[in-house]
Amino acid sequence: MSLVDLRSDTVTRPTKEMLDSIISSKLGDDVYQDDPTANKLQEKAAELLGKEDALIVTSGTQGNLISILAQTNRGDEVIVGDKSHIYNYEAGSTMILGGTSLFPIPNNINGSVDICDLMNAKKPDDFHKPKTKMLALENSHNMAGGKVLNLTELELITSQAKDLSLSLHLDGARLFNASVYLDVEAKKIASYFDSVTFCLSKGLCCPIGSVIVGDREFIKECRRWRKILGSGMRQVGIIAAPGILALDTMVDRLVEDHLNARFLAQGLSNINGVEIDPESIQTNIIRFKLSEKYSKKSKILVYELNKKNILINSSKNDFRIVTHHDISKKNCEYFLLSISEILEN
Ligand SMILES: Cc1ncc(COP(=O)(O)O)c(C=O)c1O
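Residues numbered from 1 in each chain as written. Predicted model: local features only at pLDDT ≥ 70, side-chain atom pairs only at ≥ 80, totals over all residues. Heavy atoms only, no water.

Description of the environment of Lys-133
Tracing the sequence through the fold places Lys-133 in strand β5 (residues 131-138). Between the C-alpha atom of Lys-133 and that of Ser-167, which follows or precedes it by 34 residues, the distance is 6.3 Å. Here Lys-133 is in contact with Thr-72, Asn-73, Asp-76, Glu-77, Ser-165, Leu-166 and Ser-167, once residues within four sequence places are set aside. (Helix = DSSP H or I, 4+ residues; strand = E, 2+ residues; numbered from the N terminus. Contact = heavy atoms within 4.5 Å.)

Thoughts on helix α10 (residues 216-228)
If you check α10, its first and last C-alpha atoms are 19 Å apart, about what 13 residues at 1.5 Å a residue would give, namely 18 Å. By the burial criterion, the buried members of α10 are Phe-218, Ile-219, Cys-222, Arg-223, Trp-225 and Arg-226. Down the axis of α10, the smallest arc covering the buried residues is 165 degrees, so these residues share one side. Of the exposed residues in α10, those oriented more than 90 degrees away from the buried face are Glu-217 and Lys-220. Residues of α10 that are buried sit in contact with α2 (36-48), β2 (53-57), α3 (60-69), α5 (93-98), β7 (195-199) and β8 (210-214). Following α10 by one or two positions, Gly-230 adopts a phi angle in the positive range, close to 75 degrees. (Expected span 1.5 Å × (residues − 1). Buried < 20%, exposed > 50% of the residue type's maximum accessible area, 1.4 Å probe, protein only. Arc of directions from axis to C-beta.)

Regarding the environment of Phe-127
As for its placement among the helices and strands, Phe-127 is situated in the loop between α6 (115-121) and β5. Phe-127 gets classed as exposed once you look at its relative accessible area, which sits at 77%. For the pair formed by Phe-127 and His-325, sequence separation is 198 residues and the distance between their alpha carbons is 51 Å.

Considering helix α13 (residues 295-307)
Of all the bends found along α13, the most pronounced is centred on Leu-301 and spans about 50 degrees. Every buried residue belonging to α13 is among Lys-297, Ser-298, Leu-301 and Leu-305, and all of these are buried. Considering only its buried residues, α13 is in contact with β10 (285-290), β11 (310-311), β13 (319-322) and α14 (329-344). Positive phi appears at Asn-309, one or two residues downstream of α13, with a value of about 70 degrees. (Bend = angle between axes of the 7 residues up to and from the residue.)

Brief notes about the pairing of β2
Put simply, side chains in a regular strand alternate between the two faces of the sheet. Within β2, 4 of the 5 residues are buried, which leaves it mostly tucked inside the rest of the structure. Note that β2 and β8 share 5 bridges and pair antiparallel. Counted as the bridge partner of Val-57 is Ser-210 from β8. (Pairing = 2+ DSSP bridges.)

Quick word on the side chain of Asn-284
With respect to the helices, strands and loops of the structure, Asn-284 is situated in the loop between β9 (274-275) and β10. Judged by its relative accessible area of 0%, Asn-284 falls in the buried class. Asn-284 has contacts with Asp-9, Arg-174, Asn-177, Asp-257, His-258, Ala-261, Ile-321, Val-322 and Thr-323, leaving out every residue within four places of it along the chain.

Overview of the domain arrangement of the chain
According to the domain assignment, the chain contains domain 1 (14-249) and domain 2 (253-344). Taken over C-alpha atoms, the centre of domain 1 sits 29 Å from the centre of domain 2. Each partner contributes to the roughly 1,400 Å² buried at the junction of domain 1 and domain 2, and carbon and sulfur atoms together form 55% of this total. There are 6 residue pairs in polar contact (both at pLDDT 80 or more) connecting domain 1 and domain 2. A total of 4 residues in the side of domain 1 that touches domain 2 trace back to one element, the largest contributor, which is helix α8 (residues 175-182). Per-class residue counts for the side of domain 1 that touches domain 2 are 8 nonpolar, 8 polar and 2 charged. (Domains from an automatic or database assignment. Buried area = accessible area lost by both parts, 1.4 Å probe. Polar contact = N/O pair within 3.5 Å; in protein donor to acceptor, adjacent residues only side chain to side chain. Nonpolar A, V, L, I, M, F, W, Y, C, P; charged D, E, K, R; others polar.)

Describing the site of the ligand
Near the ligand you find Ser-59, Gly-60, Thr-61, Asn-64, His-85, Glu-90, Glu-138, Asn-142, Asp-171, Ala-173, Arg-174 and Lys-202, and these make up its full shell. Between an oxygen atom of the ligand and a side-chain N or O atom of Thr-61, the distance comes to 2.6 Å. For the ligand, an oxygen atom lies 2.9 Å from a polar atom in the side chain of Asn-142. Starting from 380 Å² of accessible surface for the ligand in isolation, the protein chains cover 85%. (Near = heavy atom within 4 Å. Areas by Shrake-Rupley, 256 points an atom, 1.4 Å probe, with all protein chains shown as cover.)

Overview of the packing of aromatic side chains
Considering all chains together, one arrives at 2 aromatic pairs under this definition. Judged by centre distance (5.3 Å) and plane angle (85 degrees), the rings of Phe-176 and Phe-198 are edge-to-face. Here Phe-198 lies in strand β7 and Phe-176 lies in helix α8, a separation of 22 residues in the sequence. Of the two residues, Phe-176 and Phe-198, both sit in the buried class. A centroid spacing of 5.2 Å and a plane angle of 20 degrees characterise the contact between Phe-288 and Phe-319, whose relative ring orientation is stacked. You can see Phe-288 sitting in strand β10 and its partner Phe-319 sitting in strand β13, a full 31 residues away along the chain. Comparing Phe-288 with Phe-319, the two get one shared label, buried. The cationic tip of Lys-123 hangs over the ring face of Phe-103; the distance from NZ or CZ to the ring centre is 3.6 Å. For Arg-224, the ring lying beneath its charged end belongs to Trp-225, and the centroid distance is 5.9 Å. (Phe/Tyr/Trp six-rings, centres within 6.5 Å; stacked < 30°, edge-to-face > 60°. Lys NZ or Arg CZ within 6 Å of the ring centre and 35° of its normal.)

Below is the structure:
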């Protein structure tokens, strides 16, 4: 079996059509805003998400960073979930580069946050305190195993944040996984937020890139921050071209990844020693554990799977697998067979 890489949807490689689109794309200097392909992607993204404007950036991390810096000042604070990607995996970038601190409140099991925690986190107008300016949410939620905040939860949390005069950012790295799961247009989810970042390079299969959307003034400010960060990218159409194709052809097929994830979770739940609730799987991320009795195996599982040409992610007895464009049903069957063999022996 060729490599079965279940570590993340970031490992997808561009399709032949994407590579062809790069070769045939019309290019210009995007620092002059002259790249027709980048402009087309940005118009398309803004339209799709129901916002005035959009900006292509290098990565999800850069999109979140720029979105926060463009809406806060030195000494401000952003409320984030304690299991959010922004808080855990973005190197404290807003604090390093903008002097904007992150204040974590507990993420619930589905990636949501409690209204009471939100209200308590907002600081009073007091010179001893930072100014709380923003709430950032994540949907779907990576560390919550790809769980999706539904529209009722979004309405509840974001209306409370608005009452607290907070601006709202969405880390929508996997926004389209959420919209496909909820069976709503992505613009419906985006409508609760002032700014949204979504990634082209995860489930949508592009090699590079993310997009920020928001109102015109905000995107103008984002463009300035992108320049400050050294990411004025000139002929960036070579990144935008596969992005356009991805928005046209890669969103609907995410259903397939979600079905494969359910298939994997169901299969795992039938294997002795694996702890997982298959009903909890909503999108393309699956987390599972091994039971006490198999704790010795948990130390060697990744290694044994590697020997069978399968890559997965783990942190102690917490395993994460992610389905994506380059994972077929056959790959899933091979993974399930391999893991049951390892646990049996
Ligand atoms: C939820 C979430 N946000 C942001 C990012 C950052 O994206 P990038 O790796 O493109 O910087 C990731 C990456 O996996 C993510 O899972």
